[in-house]
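# Fold and geometry: a report
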Amino acid sequence: MFRSLRIIAALVAALLCALTLGAAAVPPPPPNPVWLRSFERVLSRGTQLADTYRPGQTATLSELAEQKSRLDELLSAVPADPPEQVAAAIARGQRLAERLAAIDVWWTLDDDAAAVADAALVPLRDTTLETQTALRSDMRKVARGVIEDVACGEVWTRLTNDQKERLNVPLESHDHLKNTQEAIEGQARSVLTEKWYPQFLNRAISWYTYAAGIHKKAFEVAEFLEGGQFTSTDGRAFYYYFHYCAKPPR
């Protein structure tokens, strides 16, 4: 009887082993064809837009944002165990997502600067709406420039020596504004007083709020760019510095 039980146990084990091996030999199902077609279209168009985008262009921004949103959505639903060719395409899509994220930082700096300037503008009863509107516009432009300069300086300090050498940019390209609030306020004052009386600016601007807002936003940009992976060795920071911090931007 014991011998029979051993035989039965051996047969069960053999059967389970065969089932396991059979299951392992079955290839994973192919990716959803609808997902794959959509992914290939977004990858192709998004890459084309990223390759041709240059600082200052606005015509393609809405489509870039649309492609970025669609790519993020598709990458959140990648198939499990994709075939090698599909896995390679997914890797390209992930790198494209990092490029689009860096471009997104660049084109949204205007909105960030507007928020900083608006928070620091002091309403004055003896000032016309036209004057306040003009000052707000100038404050936004200055904030944009200073955020950009300080953020680029921070990004530069976070690059490796190898990355700095590979950037191959002139020395003046990484001569950025110091990242202290005092330096930020000094630069903003210097630019704005070219057009506005200092006494008026002291009444119309909360300088501490203005400089602190610029400082905070610049560091948020730099910290975001420190993440991500664009290639096997370089992240968002390298890509961003090459395209948007080198002077002139490329």
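What counts, and at which threshold
Sequence order as written defines the numbering, with residues in each chain counted from 1. Local features are withheld for residues below a pLDDT of 70 in this predicted model, meaning they are given only at 70 or higher, and side-chain atom pairs are given and counted only at 80 or more; totals for whole chains, interfaces and linings count all residues. For the side-chain quantities, the full set of heavy atoms in the structure was used; hydrogens and water were omitted. Strands here are runs of E lasting at least two residues and helices are runs of H or I lasting at least four, both read from the DSSP assignment and numbered beginning at the N terminus. Accessible area is worked out with a 1.4 Å probe on protein chains only. A residue is then buried under 20% of its type maximum, exposed over 50%, and partly exposed in between. Residues count as neighbours in contact if any of their non-hydrogen atoms are within 4.5 Å of one another. Note on areas: these come from Shrake-Rupley sampling with a 1.4 Å probe, and a residue is covered only by the protein chains present in the view. Here, axes are lines fitted to C-alpha atoms. For helices the fit covers the stretch in contact, and angles between N-to-C directions go from 0 to 180 degrees. Any angle that falls under 35 degrees is termed roughly parallel, while one over 145 is termed roughly antiparallel, one within 65 to 115 roughly perpendicular, and all others oblique. Put simply, a crossing is left-handed when the front helix is turned counterclockwise from the back one by less than a right angle, and right-handed when it is turned clockwise. Under this grouping Gly is polar, as are all residues other than the nonpolar Ala, Val, Leu, Ile, Met, Phe, Trp, Tyr, Cys and Pro and the charged Asp, Glu, Lys and Arg. Any Lys or Arg side-chain nitrogen located within 4 Å of an Asp or Glu carboxyl oxygen qualifies as a salt bridge. What pLDDT expresses is the predictor's confidence in each residue, scored from 0 to 100. Here the nonpolar core consists of buried residues drawn from Ala, Val, Leu, Ile, Met, Phe, Trp, Tyr and Cys, with membership extended through side-chain atoms lying within 4.5 Å. As used in this structure description, the phrase polar contact means that two N or O atoms lie within 3.5 Å; if the pair is within protein, one of them must be able to donate a hydrogen and the other to accept it, and residues adjacent in sequence are counted only when both atoms belong to side chains.

Let's shift gears to the overall build of the chain. Counting its secondary structure elements, the chain contains 11 helices and zero strands. Helices (α) and strands (β) of the chain occur, in sequence order from the N terminus, as α-α-α-α-α-α-α-α-α-α-α. Counting all 250 residues of the chain, 39% fall into the buried class. Expressed as a percentage of contacts within the chain between residues at least 6 apart in sequence, the contacts between residues at least 24 apart total 76%. Looking at the chain as shown, the accessible area adds up to about 14600 Å², and 57% of this sits on carbon and sulfur atoms.

Checked against the element boundaries, Val122 lands in the loop between helix H5 (109-120) and helix H6 (129-158). Sequence-wise, Val122 and Ile205 are 83 residues apart; in three dimensions their C-alpha atoms are separated by 5.4 Å. Among residues more than four places away in sequence, those in contact with Val122 are Arg203, Ala204, Ile205 and Ser206.

For the rest of this paragraph, the subject is the packing of H6 against helix H10 (residues 207-225). Where H6 meets H10, the axes come as close as 8 Å, and the angle between the chain directions of the two elements is 40°. As summarised for this structure, H6 and H10 are arranged oblique, according to the angle between their axes. Here H6 runs over H10; the crossing is right-handed. The residues of H10 that touch H6, namely those facing Met139, Val142, Ala143, Val146, Ile147, Val150, Ala151, Glu154, Val155 and Arg158, are Tyr210, Ile214, Lys217, Ala218, Phe219, Val221, Ala222, Glu223 and Leu225. Residues of the contact of H6 with H10, tallied by class, amount to 15 nonpolar, no polar and four charged.

The subject of this paragraph is helix H11 (residues 236-245). At 3.6 residues per turn, the α-helix brings residues three or four places apart onto the same side. By the criterion of burial, H11 is predominantly enclosed, with nine of the 10 residues buried. Of all the positions in H11, only Arg236, Ala237, Phe238, Tyr239, Tyr240, Tyr241, His243, Tyr244 and Cys245 are classed as buried. Tucked inside the fold, the buried residues of H11 contact helix H2 (33-52), helix H4 (84-107), H5, H6, helix H7 (161-167) and H10.

Structurally, the position occupied by Glu154 is in helix H6. According to the relative accessible area criterion, Glu154 is buried, its value standing at 9%. The contact partners of Glu154, leaving out residues within four places of it in the chain, are Asn179, Phe219 and Ala222.

Scanning the entire structure with this criterion turns up 18 salt bridges. When the shortest N-O distance is used, the salt bridge between Arg158 and Glu154 registers 3.2 Å. Here the residue Arg158 and the residue Glu154 both occupy positions in helix H6, the gap between them amounting to four residues, near one helical turn. Classification of Arg158 by relative accessible area gives partly exposed; the value is 28%. The partner of Lys217 in a salt bridge is Glu220, and the shortest N-O contact between them spans 2.7 Å. Placement of both Lys217 and Glu220 in helix H10 is noted, with a separation of three residues, approximately one turn of the helix. Under the relative-accessibility criterion, Glu220 is labelled partly exposed at 34%.

The pLDDT averaged across the chain works out to 84; a share of 84% of its residues lies at or above 70. No element of the chain has a lower mean pLDDT than helix H1 (residues 2-25), which averages 46, and none a higher one than helix H9 (residues 198-204), which averages 97. Segment residues 1-12 is flagged for pLDDT under 50; beyond a separation of four residues in sequence, or across chains, it makes zero contacts in the model. pLDDT under 50 marks residues 21-25. Its contacts with residues more than four places away, or in other chains, come to zero contacts.

Turning our attention to the nonpolar core. With 70 residues, the main nonpolar core has Phe39, Ile103, Met139, Leu192, Tyr210 and Tyr240 as its most contacted residues. Other than its neighbours up to four places away in sequence, Leu192 contacts Asp138, Met139, Val142, Leu201, Ile205, Trp207 and Tyr210.

Here we take up the packing of H4 against H10. Here H4 crosses H10 at 170°, and the two axes come no closer than 11 Å. Taken together, H4 and H10 sit at an angle that is classed as roughly antiparallel. In this structure, H4 uses Ala101, Ala102 and Val105 to contact H10, whose residues at the interface are Val221, Phe224 and Leu225. Looking at the contact of H4 with H10 residue by residue, the classes come out as six nonpolar, no polar and no charged.

Glancing now at the side chain of Gln132. Here Gln132 lies in helix H6. A polar contact of 3.2 Å, which involves the side chain of Gln132, links it to the backbone oxygen of Leu124. Aside from chain neighbours lying at most four places away, what touches Gln132 is Leu121, Pro123, Leu124 and Thr127.

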